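Per-entry structural report
If you want the building blocks of each chain, they are given just below.
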Amino acid sequence: MTLAEGSRLGPYEILAPLGAGGMGEVYRARDPRLARDVAIKVLPASISNDPDRLRRFEQEARAAGMLNHPNITAVYDLGTNETDGAPYVVQELLEGETLRMALAGGRLPQRRAVENAVEIARGLAAAHDKGIVHRDLKPENVFVTSDGRIKILDFGLAKLTQPEAGGATNIPTVAPGTEPGVVLGTLGYMSPEQVRGRPADTRSDIFALGAILYEMLSGKRAFHGDSAADTMSAILKEDPPDLSVTGQTLSPGLDRILRHCLEKNPDRRLRSAHDLAFELESFSTVSGATAVAPPPTRDRVPWLRAALVGAGLLAVAAAAFFAGRRGVSSAGSGTSSTITTYSRLTSLGGSESSPSLSPDGKDIAFVRQPSGKLEIWVQRAGSRKPTNLTADCDKDSYAPAFSPDGNLIAYGSACGGGGIFLMGATGENVRKLTNVGNDPAWTPDGKSLVYTTEIGWTPYGRSITSELWTVDVSTGATKRLFAGDAVQASVSPHGLRVAYWGLPYHGSQRDVWTVPLKGLAAGEKPTAVTNDSAVDWNPVWSPDGKFLWFLSNRNGSMNLWRVPIDERTGKTLGPPEPETLPAADVGGLSLSRDGKRLAYVVVDETFSLLRATLDRSAGMISGAPAEALQTAQRISNPVISPDGQWIAFDTIGTAQEDLFLMHPDGSGLRQLTDDAPRDRLASFSPDSQRLVFMSDRGGQWNLWTIRLDGSGLSQLSRIPESVFTPLWSREGRTIAASTGQDVLLLALDEKGDAVRATTKVPRPPDNLSVLGLGWMPDGRLLAALTRPDFSFERLGLYSPANGKWEPAPLLPRLSGIAGALPVDAVGGYLLAVGPDGLYGAPLSAPSARLLLPNPRTGVYSGVMAAPGDAVYLLQVHNNADIWQAVLP
């Protein structure tokens, strides 16, 4: 029966009808208990006794109720109408329109279409991780909210393909209509296997998303005939018309992704929705052209340490990890500009990071890594006996944040599939709040958290991927605040604005911005707090809202700054002011509620260049490595010249990111670049006379060259995509580089001064990406092949002569070293740094062996094979303690 306005359904008051469909009627209703409006879907009484329909309806509710993701409609409740026994499900009330309605006016702009597809893929990935396949994905089941967010609707045809890890589920493992020979879905978006009546799996959803993406890009259906039979035949036998006939100019990369989604054979489609989301994130279209692809390093917890170690960037990771947390923000007195009293809070050995002071400043939560995983510890401010709060979690836990009343700690964790968690201040009553998210920050009333979709531990090597979201602590309801790049959020003391740092689109500058906590109005943009070449990050509001504290290297070292600010508008009221702490390198800010205590991390790093002798015949390092150089200068990405006379390195993580040269014994130090643009990852020419490197001079990452005497600086590549990790071939006529996913081969002219032609290497097997490169003596490329999250998968060899990939001989052993990257193959011997030390083996060997474990006081972060038997290792010694400043 139709429910009248003002009637009640359980505890819910019916406000108005919203629509009706084959699976029931939908109403707007009011939940008086939480004072919020909801949507209620009711199965009509006339068919409520149909076991098949009833089972499908209950399946939809239970399947969707398992999911907690910003791109899936939230399910709050399930009940039965006492009057006629009709079941109903209570869902999140959405404001906006379906994608079908949005497509009524024709195709969407390419950038909007890709962004929509990314969000759909993320939602599907969350469902697929729970073993749920939608099976009826179509524009009618995709909702575009009024703020542009995508929500997947109607899991009424969902099928549970596997039980959730850790326990059984009460959803049927086989849904009605999944038997062979039964066609279930919506014609035009069904996969070929569905058309044939065969079981559908996650790849069927990827096919449907491909059809939706095609329609968003073209304004026309991918598969459409005069009759149902014609449409089914097109799905089985025909490819959709080329988009060029619709007037669209599609980048080759985006066209490739689209075609892979629509493969007739499911085995040839992208392997997962996670892969698809990652692929699409690299294409944000501007004026019909593909924009800059993101850099190859991304801040994801599972691979952060290992991948950066392998890439020779552990120095960056160390500085990054100390990039701790924001403080608790709530109303209170202001802070003085004079800091006079300091004390060390931790001295446990190794590194402590990410401090969070309790509101009264008497307790401090922080992160340690005593046993291979990140853990959250807490101790009294005057004590030296910390307590491990996350010992029961076998994965990383990080970024603790005390609630305004001090009773709870919010934190990020990789346990239970990852997300934001809550626990009592002493570690009790752990509960999961979201399935995604990092770096939680409390609102002043303690009712909500602001979080980001990526981690902001480091201002170095980040990509533009992180969004800003809020979550209701009691209900778990989420809302997106900002779709640009935002990490390390901090909420102002009166709950008016959120400060964060991030990267601007198409740039590498790291600055601080603010947005309203209620979200941006249509056409409104974030308010810039800083806008210059300095590295600015880790913003924290003062408790009175009059200042924004942040970390910056604008005076040459990473230290504390503050800027006067209008909390209501986010506009600055003066220039940044130094609040220098007595340390050369500072990270991890947290303020107590009364503004009297400031916790921070003091980073102490030294870098050693070690020389070792490699006995290739014995497969071992002869004797102990000797120290050739020790310096406090942050050295990153060292590489040795072919003649063995020079070592080039960059200084990522300093006030300027420049290129330097020195002899292997530390003498002859020479600075090659000295300006604001960021210069990284140099590679020597075969004659040892020039360097090719990546630089953002000119606005985006491209390749440049320079002579060893500092002359002849010139741009080499002019590619629309950002280009990284250049590597000069041994014969000097080719440079290999990466776009973050694909490998490019740049053929040089006779003098090697200009690019004659650029060739994109075919993707490796299984559609893996390439993160590390090395040239083999025979001219083949040795590459580290990675999964979409940049975790190491295996090694591969690419031959430019025949254009084919083949497995590298060291696959069996190195596949177990997450993030191990090949660096050289001199004399037929491979060397690579893994997370536990230096590995090596002859190229003919079936597996690699650990040649040199990491020393007790540091880790190896790079290896270079010199002519002869010399091997140079970069060793990083790092220590970090948490200190406290008492403010007047």
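Residues numbered from 1 in each chain as written. Predicted model: local features only at pLDDT ≥ 70, side-chain atom pairs only at ≥ 80, totals over all residues. Heavy atoms only, no water.

**Regarding the overall build of the protein**
The test is simple: What counts as a helix is a DSSP run of H or I of at least four residues, what counts as a strand is a run of E of at least two, and both are numbered from the N terminus. A simple rule labels every residue: compare its accessible area, found with a 1.4 Å probe on the protein chains alone, to the largest value its type can have, and call it buried under 20%, exposed over 50%, or partly exposed in between. Only heavy atoms matter for contacts: two residues are in contact if any of them lie within 4.5 Å across the pair. In short, Shrake-Rupley with a 1.4 Å probe defines the accessible areas, and a residue's cover is counted only from the protein chains shown.
Counting its regular elements, the protein contains 11 helices and 59 strands. Relative to its full complement of 888 residues, the protein shows a buried share of 60%. When contacts within the protein are restricted to residue pairs at least 6 apart in sequence, long-range pairs at least 24 apart make up 52% of them. Surface accessibility of the protein: about 32400 Å² in total, with carbon and sulfur atoms responsible for 51%.

**Brief notes about the side chain of Thr569**
Here Thr569 is to be found in the loop between β33 (559–564) and β34 (577–578). Here Thr569 is in contact with Arg497 and Thr527, once residues within four sequence places are set aside.

**Some thoughts on the sheet that holds strand β42 (residues 679–684)**
We count it as follows: When DSSP finds two or more bridges between two strands, those strands count as paired.
Read across the sheet, 4 strands follow the order β42-β43-β44-β45 without closing on themselves; strand pairing throughout is antiparallel. For this open sheet the edge positions go to β42 and β45 (714–715), each flanked by a neighbour on one side alone. Looking at chain direction, β42 and strand β43 (residues 690–695) are connected through 4 bridges and run antiparallel. From the neighbouring strand, Phe684 faces β43, where its bridge partner is Leu691.

**Structural notes on helix α3 (residues 110–129)**
Stated precisely, the cut-off is as follows: A helix is expected to reach a length of 1.5 Å times the quantity of its residues less one.
If you check α3, its first and last C-alpha atoms are 28 Å apart, about what 20 residues at 1.5 Å a residue would give, namely 28 Å. The buried fraction of α3 is high, at 15 of 20 residues. Positive backbone phi, approximately 80 degrees, marks Gly131, located one or two places after α3.

**Some points on the pairing of strand β21 (residues 419–424)**
A large share of β21 lies buried, amounting to 6 of its 6 residues. Hairpin connection of strand β20 (residues 408–413) to β21: 5 residues between the antiparallel strands, including Gly416 at a positive phi of 60 degrees. With antiparallel pairing between neighbouring strands as the criterion, β21 and strand β22 (residues 431–432) make up a hairpin whose turn holds 6 residues, including Gly427 at a positive phi of roughly 95 degrees.

**As for the packing of aromatic side chains**
How we decide: Any Phe, Tyr or Trp ring, taking Trp's six-membered ring, that has another such ring centre within 6.5 Å forms a pair; planes under 30 degrees apart are called stacked, those over 60 apart edge-to-face, and the others tilted.
Within this structure, the stated rule accounts for 8 aromatic pairs. When the ring of Phe207 is compared with that of Phe223, the centres are 5.6 Å apart and the planes differ by 15 degrees; the resulting orientation is stacked. Here the residue Phe207 occupies a position in helix α5 (residues 202–218), and Phe223 occupies one in the loop between α5 and α6 (228–237), the gap between them amounting to 16 residues. In this structure, Phe207 and Phe223 share a single accessibility class: buried. Members of the aromatic cluster, each reached through a chain of ring pairs, are Phe482, Tyr500 and Trp513.

**Side note on the nonpolar core**
Note that soluble globular proteins tend to have their nonpolar side chains buried in a common cluster. What counts here: Residues grouped as a nonpolar core are buried Ala, Val, Leu, Ile, Met, Phe, Trp, Tyr and Cys residues, joined through side-chain atoms within 4.5 Å.
Ile120, Leu137, Met216, Leu276 and Leu280 are the most contacted members of the largest nonpolar core, which totals 52 residues. Contributing elements (two or more residues each) for this core: α3, β9 (142–145), β10 (150–152), α5, α6, α7 (252–261) and α8 (273–281). Not counting chain neighbours up to four residues away, the residues in contact with Leu137 comprise Ile120, Leu124, Val142, Ile152, Tyr189, Asp205, Ala208, Leu209 and Ile212.

**Quick notes on the packing of α3 against α5**
Rules: Geometry is summarised by axes, namely lines fitted to C-alpha atoms with helices restricted to the contacting stretch, and by angles between N-to-C directions that run from 0 to 180 degrees. Here the word oblique covers every angle except those under 35 degrees (roughly parallel), over 145 (roughly antiparallel) and from 65 to 115 (roughly perpendicular). Should the near helix be turned anticlockwise from the far one by less than a right angle, the crossing is termed left-handed; should it be turned clockwise, right-handed. For this scheme, ten residues count as nonpolar: Ala, Val, Leu, Ile, Met, Phe, Trp, Tyr, Cys and Pro. Four count as charged, namely Asp, Glu, Lys and Arg, and the remainder, Gly too, count as polar.
At a minimum axis distance of 10 Å, the contact between α3 and α5 shows a crossing angle of 165 degrees. As judged from the angle between their axes, α3 and α5 are roughly antiparallel. The element α3 and its partner α5 pack so that their crossing is right-handed. Packed against α3, whose contacting residues are Gln110, Ala113, Asn116, Ala117, Ile120, Ala121, Leu124 and His128, the element α5 presents Thr202, Asp205, Leu209, Ile212, Leu213, Met216 and Leu217 at the interface. Partitioning the contact of α3 with α5 into residue classes produces 10 nonpolar, 4 polar and 1 charged.

**Structural notes on the sheet that holds strand β23 (residues 438–442)**
With antiparallel pairing, 4 strands are arranged side by side in an open sheet as β23-β24-β25-β26. Every interior strand has two partners, whereas the edge strands, β23 and β26 (478–482), have only one. Averaged over all pairs of adjacent strands, the angle between strand axes in this sheet comes to 30 degrees, irrespective of strand direction.

**Section: the environment of Gly772**
Considering the arrangement of structural elements, one finds Gly772 in strand β50 (residues 769–775). Classification of Gly772 by relative accessible area gives buried; the value is 8%. Between the C-alpha atoms of Gly772 and Ala737, which are 35 residues apart in sequence, the distance is 9.5 Å.

**Brief notes about the side chain of Thr673**
Spelled out, the test is: Polar contacts, as used here, are pairs of N or O atoms within 3.5 Å; protein pairs need one atom able to donate a hydrogen and one able to accept it. Residues neighboring in sequence count only if both atoms are side-chain atoms.
Topologically, Thr673 is positioned in the loop between β41 (670–671) and β42. Residue class for Thr673 comes out buried when judged on its relative accessible area of 4%. A distance of 2.9 Å separates a polar side-chain atom of Thr673 from the backbone nitrogen of Leu659. Thr673 has contacts with Asp658, Leu659, Asp679, Arg697 and Ile706, leaving out every residue within four places of it along the chain.

**Digging into the confidence of the model for the protein**
Our working rule: Note: pLDDT gives the predictor's confidence per residue, expressed from 0 to 100.
With 80% of its residues at a pLDDT of 70 or more, the protein has an overall mean of 79. For residues 157–184, every residue scores under 50 in pLDDT, and the model assigns this stretch 69 contacts once sequence neighbours within four places are set aside. This stretch, residues 811–823, has a pLDDT under 50; its non-local contacts, to residues over four places away or in other chains, come to 47 contacts.

**Quick look at the environment of Pro493**
Looking at where Pro493 falls in the secondary structure, it is placed in the loop between β27 (487–491) and β28 (497–502). Each C-alpha atom of the pair Pro493 and Thr443 lies 8.0 Å from the other, and the pair is 50 residues apart in sequence.

**Brief notes about a negative patch on the surface**
This is how it is decided: Grouping into patches uses exposed residues only, defined as over 30% relative accessible area, and leaves out salt-bridged ones; the cut-off is 9 Å for like charges and 5 Å for nonpolar side chains (Val, Leu, Ile, Met, Phe, Trp, Tyr). Here, a salt bridge means any Lys or Arg side-chain nitrogen found within 4 Å of an Asp or Glu carboxyl oxygen. A positive count includes Lys and Arg, and a negative count includes Asp and Glu. His and the chain ends are not counted in either. By convention, the point assigned to a charge is CZ for Arg, NZ for Lys, CD for Glu and CG for Asp.
A cluster of like negative charges, contributed by Asp226, Asp230, Glu238 and Asp239, occupies part of the molecular surface. Relative to the helices and strands, Asp230 resides in helix α6.

**Structural notes on the pattern of salt bridges**
Applying the stated criterion to the full structure yields 37 salt bridges. As a salt-bridge pair, Arg480 and Glu119 come within 2.8 Å of each other at their nearest N and O atoms. Of this pair, Arg480 sits in strand β26 while Glu119 sits in helix α3; the two residues are 361 residues apart in sequence, bridging distant segments of the chain. For Glu657, the salt bridge goes to Arg680, with nearest N and O atoms at 2.8 Å. With Glu657 in the loop between β39 (647–650) and β40 (659–662) and Arg680 in strand β42, this residue pair connects regions lying 23 residues apart in the sequence. Side by side, Glu657 and Arg680 carry an identical accessibility label, which is buried. Several salt bridges share partner residues, and in doing so they unite Arg111, Arg112, Glu115, Glu119, Arg122, Glu467 and Arg480 into one network.

**Structural notes on α6**
The test is simple: Working note: the arc is built from the helix axis to C-beta atom directions.
Looking at α6, one finds that the buried residues are Thr231, Ala234 and Ile235. The arc enclosing the buried residues of α6, seen along the axis, measures out at 100 degrees, which places them on a common side. Seen from the buried face of α6, the exposed residues on the opposite side, beyond 90 degrees, are Ala229 and Lys237. Contact partners of the buried residues in α6: α4 (192–195) and α5.

**Notes on the pairing of strand β56 (residues 837–842)**
In terms of residue burial, β56 counts as a mostly covered element, since 5 of its 6 residues are buried. Relative to strand β57 (residues 849–853), β56 runs antiparallel, the two being bridged by 4 bridges. The partner of Leu838 across the bridge, within β57, is Leu852.

**Structural notes on the environment of Lys447**
Tracing the sequence through the fold places Lys447 in the loop between β23 and β24 (448–452). Under the relative-accessibility criterion, Lys447 is labelled exposed at 56%. Distance in space between the C-alpha atoms of Lys447 and Val473 is 5.6 Å, their sequence separation being 26 residues. Once residues lying within four places of it in the same chain are set aside, the contact partners of Lys447 are Val471, Asp472 and Val473.

**Some details on unusual backbone geometry**
For Ala399, which is not glycine, the phi dihedral falls at a positive 55 degrees. Within the secondary structure layout, Ala399 lies in strand β19 (residues 397–402). The exposure class assigned to Ala399 is buried, which follows from its relative accessible area of 0%. In this structure, Asn429 is a non-glycine residue whose phi angle is positive, near 55 degrees. Among the secondary structure elements, Asn429 is positioned in the loop between β21 and β22. Residue Asn429 is classed as exposed on the basis of its relative accessible area, which comes to 67%.

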